[in-house]
Amino acid sequence: MKSKWCLVVAAAIMVIGISSIKPTMAYFTDSVATEGMIELKLGDSIPKIDEQVENMTKKVTITNTGDYDIYVRVKAIAPESCVITFTEQEGWSKGDDGYYYYASPLAPKEATASQLILGINNNLSGNFNVIIVQEATKVLYDKDGKAYADWNAVVANEDSYTVGN
């Protein structure tokens, strides 16, 4: 009796296994031909920075190379012997965090209307370098439609964008 019961269970398992082969094969071998194309952009584009140096003065212009509006900011990194002086220009302001902020968002292919002008005074002789670092963030809008920049925003992965503090 026990062997008949085992035989019935084995036969049932075999019937179920055989009946699932065809749908499984169809799932793994199915194909569809398509035509056309969609442009996919992964990641953000990098704004173009243009630096000119004249008489110990750096003049910086930023151009938006992306496909959406951005805010930009710039930081000058220099040796401790250098003193960087900011010359006020329309649209540019110095932040408390050492960055220089451009007030208006830049549309795609648009450049800053005025240059950021930084004077360089080096107290020591010899070679030195002042590095300009630019950052950009997408324009965000509040509930009233007013544009703002969130410099603490983080992109965790391609599906989520976390607004900072």
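By convention here, each chain's residues receive numbers from 1 onward along its written sequence. This being a predicted model, a pLDDT of at least 70 is required before a residue's local features are given, and a value of 80 or more before pairs of side-chain atoms are given or counted; all residues contribute to the totals for chains, interfaces and linings. Side-chain numbers here rest on the full set of heavy atoms in the structure, without hydrogens or water.

Notes on the overall build of the protein
The helix and strand inventory of the protein stands at one helix and twelve strands. Note on conventions: DSSP H or I runs of at least 4 residues are helices, E runs of at least 2 residues are strands, and numbering of each starts at the N terminus. Each helix and strand of the protein, placed in order from N terminus to C terminus, yields the pattern α-β-β-β-β-β-β-β-β-β-β-β-β. Among the 165 residues that make up the protein, the fraction classed as buried is 23%. Should any heavy atoms of two residues lie within 4.5 Å, those residues are counted as being in contact. Sequence separation of at least 24 residues holds for 62% of the intrachain contacts in the protein that already meet a minimum separation of 6. Here, Shrake-Rupley sampling with a 1.4 Å probe gives the accessible areas, and only protein chains in the shown set may cover a residue. A total accessible area of about 12,300 Å² is found for the protein, and carbon and sulfur atoms account for 56% of it. When accessible area is computed with a 1.4 Å probe and restricted to protein chains, residues below 20% of their type maximum are described as buried, those above 50% as exposed, and intermediate ones as partly exposed.

Focus on the sheet that holds strand β8 (residues 131-138)
Read across the open sheet, the four strands follow the order β5-β6-β3-β8; overall the sheet is antiparallel. Bordering the open sheet on either side are β5 (92-94) and β8, each of which pairs with just one other strand. On average, each strand axis in the sheet is inclined to that of its neighbour by 25 degrees, with strand direction left out of account. A pair of strands counts as paired when DSSP detects no fewer than two bridges linking them. As defined by bridge partners, β5 adjoins strand β6 (residues 99-102) across three bridges and the pair is classed as antiparallel. If you follow Trp92 over to β6, its bridge partner there is Tyr102. Each axis is a line fitted through C-alpha atoms, and for a helix only the stretch in contact is used; angles between axes span 0 to 180 degrees, taken between their N-to-C directions.

A look at the sheet that holds strand β7 (residues 116-122)
Ordered by their spatial adjacency, four strands build an open sheet running β1-β2-β7-β4, and the pairing between neighbours is antiparallel. Both edges of this open sheet fall to β1 (48-54) and β4 (82-87), since each of them pairs with a single strand only. Averaged over all adjacent pairs, the angle separating strand axes in this sheet is 25 degrees, with direction ignored. Sheet topology places β1 next to strand β2 (residues 57-63); seven bridges connect them, and they run antiparallel. The partner of Glu51 across the bridge, within β2, is Val60.

A few points about the packing of aromatic side chains
Each Phe, Tyr or Trp ring, with Trp reduced to its six-membered ring, pairs with another whose centre is within 6.5 Å; inter-plane angles below 30 degrees give stacked pairs, above 60 give edge-to-face pairs, and intermediate values give tilted ones. In the structure shown here, the tally under the stated rule is four aromatic pairs. Measuring from ring centre to ring centre gives 5.2 Å for Phe86 and Tyr100, while their planes differ by 35 degrees; the resulting arrangement is tilted. Taken together, the residues span a long stretch of sequence, with Phe86 in strand β4 and Tyr100 in strand β6 at a distance of 14 residues. Note on Phe86: relative accessible area 21%, which makes it partly exposed. Each ring, one from Tyr101 and one from Trp151, has its centre 5.9 Å from the other, and the planes form 65 degrees; the classification is edge-to-face. With Tyr101 in strand β6 and Trp151 in the loop between β10 (147-148) and β11 (154-157), this pair connects stretches of sequence that are 50 residues apart. Judged by its relative accessible area of 23%, Trp151 falls in the partly exposed class. One aromatic cluster is present, formed by Tyr99, Tyr101 and Trp151 through successive ring pairs. When the NZ atom of lysine or the CZ atom of arginine is within 6 Å of a ring's centre and also within 35 degrees of its normal, the charge is said to sit over that ring. Its guanidinium or amino end placed over the ring of Tyr99, Arg73 lies 3.8 Å from that ring's centre, counting from NZ or CZ.

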